[in-house]
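Residue-level listing of the chains:
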Amino acid sequence: MEKGIKNKQSITVEEKDTALFHGSGTLRVFATPAMISLMENTAMNSVAPFLQNDEATVGTEINIKHLSATPVGCCVTCESELIEIDGRRLVFKVKVYDNKSVAGEGTHERFIIKAKKFFEKTQLKLK
């Protein structure tokens, strides 16, 4: 895996993506939590082909600005670029835009983990 890996994903904003639906606001516009989910998913999918069979990535930090409201029915596109690799730590530049403007941008951090070991460790919290 090397710096510079890019990915791009687009969705059409639906009711399930709105601030009203997420409970993060009262309006029928693209919610910040939905935008964050799109950013994380785009970054995650960009590096998935480079992982070993027993590896996955988990999101650990997000630092974004939601810059512009996007209505239901509008297409939004997220672009991610891997800008830093520090051992198992991956840092991505992320940007979401609609057909008129940049809706949000920032950085997202993920860690490469051993999926089985990670899951088993989390299950210990139930005991």
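Model, not experiment: these values are computed from the prediction.

Caption draft 1: Main features of the sheet that holds strand β2 (residues 55–66). If you trace the five strands from one edge of the open sheet to the other, you get β1-β3-β4-β5-β2, paired in antiparallel fashion. Of all the strands in the sheet, just β1 (6–12) and β2 have a single pairing partner and so form its edges. Shown here is a sheet whose adjacent strand axes are inclined to one another by a mean of 25°, direction ignored. In the packing of helix α2 (residues 32–47) onto the sheet, the strands contacted are β1, β2, β3 (75–86), β4 (89–97) and β5 (102–114), and the crossing angle to β2 comes to about 140°. Where helix α3 (residues 115–123) meets the sheet, its contacts fall on β2 and β5, and the angle it forms with β5 comes to roughly 90°.

Caption draft 2: Highlighting α2. Taking 1.5 Å of rise per residue, 16 residues should cover 22 Å, and α2 covers 23 Å from first to last C-alpha, within 8% of that figure. Within the span of α2, buried status applies to Ala 34, Met 35, Ile 36, Leu 38, Met 39, Thr 42, Ala 43, Ser 46 and Val 47. Against the buried residues of α2 lie β1, α1 (19–22), β2, β3, β4 and β5.

Caption draft 3: Up close: the side chain of Asp 17. Within the secondary structure layout, Asp 17 lies in the loop between β1 and α1. For Asp 17, a relative accessible area of 8% corresponds to the buried category. A distance of 2.8 Å separates a polar atom in the side chain of Asp 17 from the backbone nitrogen of Glu 14. Ignoring any residue separated from it by four or fewer positions in sequence, one finds Asp 17 in contact with Ile 11, Thr 12, His 22, Val 29, Phe 30, Ala 31 and Ala 34.

Caption draft 4: Broad picture of a nonpolar patch on the surface. Residues Met 1, Phe 50 and Ile 85 make up a contiguous nonpolar surface patch of roughly 250 Å² in combined accessible area. Structurally, Phe 50 is set in the loop between α2 and β2. A relative accessible area of 44% means that Phe 50 is categorised as partly exposed.

Caption draft 5: Fine view of the pattern of salt bridges. Under the criterion given, the structure shown has eleven salt bridges. Three or more residues are tied together by salt bridges with common partners; here these are Glu 84, Asp 86, Arg 89 and Glu 109.

Caption draft 6: Representation of the side chain of Thr 42. Structurally, Thr 42 can be placed in helix α2. Overall, Thr 42 belongs to the buried group, its relative accessible area being 0%. Within polar-contact distance, the side chain of Thr 42 engages the side chain of Gln 9 at 3.3 Å. If we skip the residues at most four places from it in the chain, Thr 42 touches Asn 7, Lys 8, Gln 9, Cys 78, Glu 79 and Ser 80.

Caption draft 7: Expanded view of the nonpolar core. Counting 23 residues, the largest nonpolar core has Phe 30, Met 39, Phe 92 and Val 96 as the members making the most contacts within it. Elements supplying a minimum of two residues to this core: α2, β3, β4 and β5. When residues in this core are grouped by element, the largest group, seven residues, is from α2. In this structure Met 39 touches Ile 62, Ile 64, Cys 78, Val 94, Val 96, Gly 104 and Glu 105, once residues within four positions along its chain are discounted.

Each value, and the rule that gives it
- Going along each chain's sequence as written, the residues are numbered from 1 onward.
- Local features are withheld for residues below a pLDDT of 70 in this predicted model, meaning they are given only at 70 or higher, and side-chain atom pairs are given and counted only at 80 or more; totals for whole chains, interfaces and linings count all residues.
- Only hydrogens and water are set aside when side-chain values are computed; all heavy atoms of the structure are taken into account.
- Strand pairing requires that DSSP identify at least two bridges connecting the strands.
- Numbering of helices and strands runs from the N terminus, with a helix taken as a DSSP run of H or I at least four residues long and a strand as a DSSP run of E at least two residues long.
- An axis is simply a line fitted to the C-alpha atoms; with a helix, the fit covers only the stretch in contact. Between two such axes, the angle follows the N-to-C directions and lies from 0 to 180 degrees.
- Pairs of residues are marked as contacts when any of their non-hydrogen atoms sit within 4.5 Å.
- Helices are assigned an expected span. That span is 1.5 Å times one less than the residue count.
- Think of it in three bands: residues with accessible area under 20% of the maximum for their type are buried, residues over 50% are exposed, and the middle band is partly exposed, with areas taken using a 1.4 Å probe on protein chains only.
- Identification of polar contacts relies on pairs of N or O atoms within 3.5 Å, with a donor-acceptor requirement for protein atoms, meaning one able to donate a hydrogen and the other able to accept it, and with residues adjacent in sequence counted only if both atoms are side-chain atoms.
- Only residues above 30% relative accessible area that lack a salt bridge enter a patch, with like-charged residues linked at up to 9 Å and the nonpolar side chains Val, Leu, Ile, Met, Phe, Trp and Tyr linked at up to 5 Å.
- Here the open area of atoms and residues is found with the Shrake-Rupley method and a 1.4 Å probe, where only the protein chains shown may cover a residue.
- For this document, the term salt bridge refers to a Lys or Arg side-chain nitrogen within 4 Å of an Asp or Glu carboxyl oxygen.
- Remark: nonpolar core denotes a set of buried residues (Ala, Val, Leu, Ile, Met, Phe, Trp, Tyr, Cys) joined through side-chain atoms within 4.5 Å.

It is worth stressing that arrangement in space is one thing and function is another; only the former is reported here.
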